[in-house]
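# An overview of the molecular structure
Next come the chains, spelled out residue by residue.
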Amino acid sequence: MDPELLERITARRAELDQLEERLAKQLTEVRAERDELAVAERVLERVSEQIADVRVSASPVPAQVGNRAVMLIPHRTSDVEESLLPPDYQRILATVRQAAGPVMARQVGELLGVDVSVRAKLEPLRGKLVRLVDRGWLRKLPDGRFATRL
């Protein structure tokens, strides 16, 4: 047998062994990352379901008055007075009105005495501000600030 050919075969076998080792390592890493992605997908699905449940439970539930459904946060119309809003919404509206101009939710929270350093306390306030926007009581500017209706 030709020693040079045998040497080339041995060298090539060593190269292929190294390549196989690298590919096996990459395959292990790919499988681990796929497993992590599968876990992330399951977590995302659960969180999305929980958020959907929270949104459903947080959506305004009509109250019953005289066997008729009425919204707790009514749409602003000429015949609906601000006094029909729940007291906390009246305070929010008054705070936005008293500000020197458009305000961020954080500023409203500070004026109302909400601990704005805790996101869990600021987000419900932001939700109320958005609800007031949706019902026509406030405006939300493109930069995220809230202002009174013109």
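Remember, predicted model here, so these are calculated numbers, not experimental data.

So, on to the overall build of the chain. Assigned secondary structure in the chain consists of four helices and four strands. Moving toward the C terminus, one meets the helices and strands of the chain in the order α-β-β-α-α-α-β-β. Within the span of the chain, comprising 150 residues, buried residues form 19% of the whole. Contacts in the chain between residues far apart in sequence, at least 24 positions, make up 43% of those at least 6 positions apart. By element, 54% of the accessible surface of the chain is carried by carbon and sulfur atoms, the whole surface being about 11,600 Å².

Glancing now at the packing of helix α3 (residues 105–112) against helix α4 (residues 119–134). Running from amino to carboxyl end, α3 crosses α4 at an angle of 110°, the nearest separation of the two axes being 10 Å. On the basis of their axis angle, the class for α3 and α4 is roughly perpendicular. For the pair formed by α3 and α4, the contact residues are Ala105, Arg106, Val108, Gly109 and Leu112 on the first element and Leu122, Leu125, Arg126 and Leu129 on the second. Of the residues in the contact of α3 with α4, the class split is six nonpolar, one polar and two charged.

Leu85, Val108, Leu129, Leu132 and Leu138 are the most contacted members of the largest nonpolar core, which totals 20 residues. Contributions of two or more residues to this core are made by α2 (87–98), α3 and α4. With five residues, α4 is the single largest residue contributor to this core. If near-sequence neighbours (up to four positions away) are discounted, valine 108 is found in contact with Ile92, Thr95, Val96, Val103, Leu125 and Leu129.

What follows deals with the packing of α2 against α4. Orientation of α2 relative to α4, taken along the N-to-C sense of each, is 80°, at an axis distance of 11 Å. Overall, the two elements α2 and α4 adopt an arrangement that is roughly perpendicular. Here Asp88, Tyr89, Ile92 and Val96 of α2 come into contact with α4, specifically with Leu125, Lys128, Leu129, Arg131 and Leu132. Considered class by class, the residues forming the contact of α2 with α4 number six nonpolar, no polar and three charged.

The end-to-end C-alpha separation of α2 is 16 Å, in line with the 16 Å expected for twelve residues at 1.5 Å each. Along α2, the residues that are buried comprise Tyr89, Ile92, Leu93, Thr95 and Val96. All buried residues of α2 project into a common sector of 160° when viewed along the axis, lining one side. For α2, exposure combined with an orientation more than 90 degrees from the buried face picks out Pro87 and Gln98. Buried-residue contacts for α2 involve α3, α4, β3 (138–140) and β4 (146–148).

Moving on: α3. If you check which residues of α3 are buried, you get Ala105, Val108 and Gly109. Along α3, the residues classed as buried sweep out an arc of 100° about the axis, all on the same side. Here the buried face of α3 lies against α2, α4 and β4.

All right, on to a negative patch on the surface then. A cluster of acidic side chains, namely Glu41, Glu45, Glu49 and Asp53, defines a negative patch on the protein surface. Along the chain, glutamate 49 turns up in helix α1 (residues 3–58). Its relative accessible area of 52% is what places glutamate 49 among the exposed residues.

A surface patch of nonpolar side chains, about 290 Å² in accessible area, is lined by Val39, Val43, Val47 and Ile51. By secondary structure assignment, the location of isoleucine 51 is in helix α1. By relative accessible area, isoleucine 51 is classed as partly exposed at 40%.

Analysis parameters
Residues numbered from 1 in each chain as written. Predicted model: local features only at pLDDT ≥ 70, side-chain atom pairs only at ≥ 80, totals over all residues. Heavy atoms only, no water. Helix = DSSP H or I, 4+ residues; strand = E, 2+ residues; numbered from the N terminus. Buried < 20%, exposed > 50% of the residue type's maximum accessible area, 1.4 Å probe, protein only. Contact = heavy atoms within 4.5 Å. Areas by Shrake-Rupley, 256 points an atom, 1.4 Å probe, with all protein chains shown as cover. Axes fitted to C-alpha atoms, helices over the stretch in contact; angles between N-to-C directions. Parallel < 35°, antiparallel > 145°, perpendicular 65-115°, else oblique. Nonpolar A, V, L, I, M, F, W, Y, C, P; charged D, E, K, R; others polar. Core = buried A, V, L, I, M, F, W, Y, C linked by side-chain atoms within 4.5 Å. Expected span 1.5 Å × (residues − 1). Arc of directions from axis to C-beta. Patch = residues over 30% accessible without salt bridge, like charges linked within 9 Å, V, L, I, M, F, W, Y side chains within 5 Å. Salt bridge = Lys/Arg side-chain N within 4 Å of Asp/Glu carboxyl O. Lys, Arg positive; Asp, Glu negative; His and termini not counted. Charge placed at Lys NZ, Arg CZ, Asp CG, Glu CD.

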